[in-house]
Amino acid sequence: MKKYVVRCLDCGEIHSSHSLNCKNGDDALLRTDYSTKQLYPADLPGIWRYRDWLPVHDIIEEGSGRTITYRSEGFAAKYGLEDLWIAFNGYWPERDARMMTCTFKDLESFPTMQLIRELNEERIMVVASAGNTARAFAHTCTITGQPLLLVVPGASAHRLWTTHGQNPSVCLVTVDGDYFDAISLAGKIASREGFVNEGGAKNIARRDGMATVMLDATLAMDTLPDHYFQAVGSGTGGISAWEASMRLVGDGRFGSKLPVLHLGQNHPCAPLYSLRSGTDAVDKSCPEGMYDDVLYNRKPLYAIKGGVKDALDGTGGLMYAISNDEATYSQSLFERTEGIDINPAAAVAVAALVQAVEEGNVWHEDRIVLNITGGGQKRLMQDHPVRLIEPSAGVSADDPDAEDRILKIVEEFFGVRL
Ligand SMILES: *Cc1c(COP(=O)(O)O)cnc(C)c1O
C-alpha cells in the first residue's frame, strides 16, 4: 500500500506529490491522505519522529530540530491559566530545542527539501521571502547541497544569518523593492525552464511539516487542546494546525473535538483579520512600522477551499488584531516569566492569548497551546558564531531587465546554462 496520496479537496482526484494546484482548475488546496491513521512516533531525530505523517520516506539526519512542548508555569500564573502549554520552536538547549534558524520555518524547509530529493528533482528551487523562510531553506540546502535561489527584499537581508560557512548551493539575490516585488520576480523566474517553485502554503510538505507542532503538543499532553494560539501572516500554520487536529481526531485516542484556532495579526497591517471581520484593518503604509513584517502577506490563502476561512469556520476560530504596544508588553512579560527570548512575531501570539483571556474567549481551566513560532535567537548567538549570507548580486525592482539579470547571476553562480 502507498504511504499516502495527495487529493484535491474539491474534486477528490489524486495528484502527484509535488503538485501545487488541482489539475482540473479547482480553487482548492490539495491535501495529503496518509494510509496510517494512528500516530506512533518513530525513534528518529527531530521532526522525523513524525515521519508517518510526513510525505517523505527517508530523512535528513542533521535536520534534527523539532517543536518542544512543555507546561508553562511562570507566564500561566500571571493570567491564572491552569493548563497552558508552550509549543516552543527555536533554540533553547536547556529544553533540548534545537531549531538552528530559530523559527518554525525549519519545520517546512526540511520535509520540502526531502520530498524534492526523493523526486530526484534537479532543477533549482526558488524561494522568495522576507526573511525567516529564506533563512530556513538556506540552512536546509546547506546540509543537503540542493541548489537554491533566494530572492529577498534588500531590507530583509539582515535576517539571512547562518551558523554555516560559505555555501556553494545557495545563491542570494536581493531586490531593491518590497516583499511583493521579490515575490513577483521570483514567480517569473520559477516558471522558467530549470527552476522549481516551492509553492508556499499550497505545498503539502510545508503544511504537513508545520502540522507537527500540533502533533508534538498533543503527544506531550496526551489529548488535543481546547485552544490553539498562533501569529499568522500567510495563515499556513493555522491551516496546518487544523489539518493535524483532524488527523488526530481520526486517530481516536486524543479526543473528538477540534481545538479552536485563535490567530493573531499585527494591527494596522492585518489582512486576515480584515477578511474575517469585514473591517478595513490594513493601512496604506504597511508593512512599514510593523512589530514584525513576517506577519504581513497581502494575499493569504483565505477563501480557497481548505484555506484559512475553512480552518476558522471548522473550529469556531477567531482572529485578533494586536497593536505594537500590546506585543511589546507581552514579549517582555513572556521573556521574563519563561526565561527565553522570543521572536517578535511570536509575541503577537502571546498578546492574542492575553486578549482572549481578557475578553473571556478562554476559561482559566481550558487546555491551551501557545505556539511560540520563533525563539532563542539571542540564546543561539551566545553559543554559536553566525554570519550573514553574502548576496551574489542585487537587482532593482524597477529595472525592466531584472529577470534576465537574475538568470545571468544564477548561471554564473551555479556554472550552468539555462
Ligand atoms: C512565518 C512566521 C509566522 C507566520 O506563519 P504562517 O503560519 O505562515 O502565517 C509566525 N511567526 C514566525 C516566527 C514566522 O517566521
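Refer to the structure printed above.
Summary of the structure given here.

Cut-offs and rules
- Residues numbered from 1 in each chain as written.
- Predicted model: local features only at pLDDT ≥ 70, side-chain atom pairs only at ≥ 80, totals over all residues.
- Heavy atoms only, no water.
- Disulfide = S-S within 2.5 Å.
- Helix = DSSP H or I, 4+ residues; strand = E, 2+ residues; numbered from the N terminus.
- Buried < 20%, exposed > 50% of the residue type's maximum accessible area, 1.4 Å probe, protein only.
- Near = heavy atom within 4 Å.
- Polar contact = N/O pair within 3.5 Å; in protein donor to acceptor, adjacent residues only side chain to side chain.
- Areas by Shrake-Rupley, 256 points an atom, 1.4 Å probe, with all protein chains shown as cover.
- 1 Å grid on protein atoms, 1.4 Å probe; cavity = no way out; pocket = protein on both sides within 12 Å on 5 of 7 lines; lining within 4 Å.
- Sits in = over half its atoms within 2 Å of the grid points.
- Nonpolar A, V, L, I, M, F, W, Y, C, P; charged D, E, K, R; others polar.
- Pairing = 2+ DSSP bridges.
- Right-handed = clockwise from strand over helix to strand, strands pointing away.
- Phe/Tyr/Trp six-rings, centres within 6.5 Å; stacked < 30°, edge-to-face > 60°.
- Lys NZ or Arg CZ within 6 Å of the ring centre and 35° of its normal.

### Brief notes about the state of the cysteines
Each disulfide consists of a covalent bond between the sulfur atoms of two cysteine residues.
Right, on to step 1. Summed over the entire model, instances satisfying the criterion amount to one disulfide.
Right, on to step 2. Across the disulfide, Cys269 is cross-linked to Cys286 (sulfur-sulfur distance 2.1 Å). Its S-S torsion of about -90° marks the bond between Cys269 and Cys286 as left-handed, since a negative value means left-handed. Within this pair, whereas Cys269 is found in the loop between β13 (260-266) and α8 (271-277), its partner Cys286 is found in the loop between α8 and α9 (308-315), the two being separated by 17 residues in sequence.
Right, on to step 3. Cys8 forms no disulfide, and the closest cysteine sulfur to it belongs to Cys22, at a distance of 3.7 Å.
Right, on to step 4. Residue classification places Cys22 among the buried positions, given a relative accessible area of 7%.

### Quick word on the site of the ligand
Right, on to step 1. In the vicinity of the ligand lie 16 residues, with Lys105, Gly233, Gly235, Gly237 and Thr373 positioned nearest.
Right, on to step 2. Residue Thr236 places a main-chain N or O atom 3.5 Å away from an oxygen atom belonging to the ligand.
Right, on to step 3. In the complex, the protein chains occlude 97% of the 380 Å² of accessible area that the ligand would expose alone.
Right, on to step 4. Here the ligand occupies the largest pocket.
Right, on to step 5. Of all the secondary structure elements, the ones that give two or more residues to the shell around the ligand are β12 (227-231) and α7 (236-251).
Right, on to step 6. Taken together, the residues that form the shell around the ligand break down as six nonpolar, nine polar and one charged.

### Details of the pairing of strand β7 (residues 124-128)
Right, on to step 1. Of all five residues making up β7, five are buried, and the element is well covered by its neighbours.
Right, on to step 2. Burial along β7 is two-sided: the face carrying Ile124, Val126 and Ala128 and the face carrying Met125 and Val127 are both buried.
Right, on to step 3. As judged from the three bridges shared by β7 and strand β11 (residues 195-197), these two strands associate in the parallel manner. Among the inter-strand pairings, Val126 is bridged to a residue of β11, identified as Asn197.
Right, on to step 4. Across four bridges, β7 lies against strand β8 (residues 148-153) in parallel orientation. Within the sheet, the bridge partner assigned to Val126 lies in β8 and is Leu149.
Right, on to step 5. For the segment spanning β7, helix α3 (residues 132-144) and β8, crossover handedness is right-handed.

### Concerning the packing of aromatic side chains
Right, on to step 1. In total, this model carries eight aromatic pairs according to the counting rule given.
Right, on to step 2. On the numbers, 5.6 Å between centres and 50° between planes, the contact of Phe75 with Phe334 is tilted. Within this pair, whereas Phe75 is found in helix α1 (residues 74-78), its partner Phe334 is found in helix α10 (residues 324-338), the two being separated by 259 residues in sequence. The exposure classification of Phe75 matches that of Phe334, with both residues buried.
Right, on to step 3. Put simply, the rings of Tyr70, Phe88 and Trp92 pair up and form one aromatic cluster.
Right, on to step 4. Over the ring of Tyr70 we find Arg95, and its NZ or CZ is 3.7 Å from the ring centre.
Right, on to step 5. Positioned over the ring face of Tyr40 is Arg253, at 4.4 Å from the centre of the ring.

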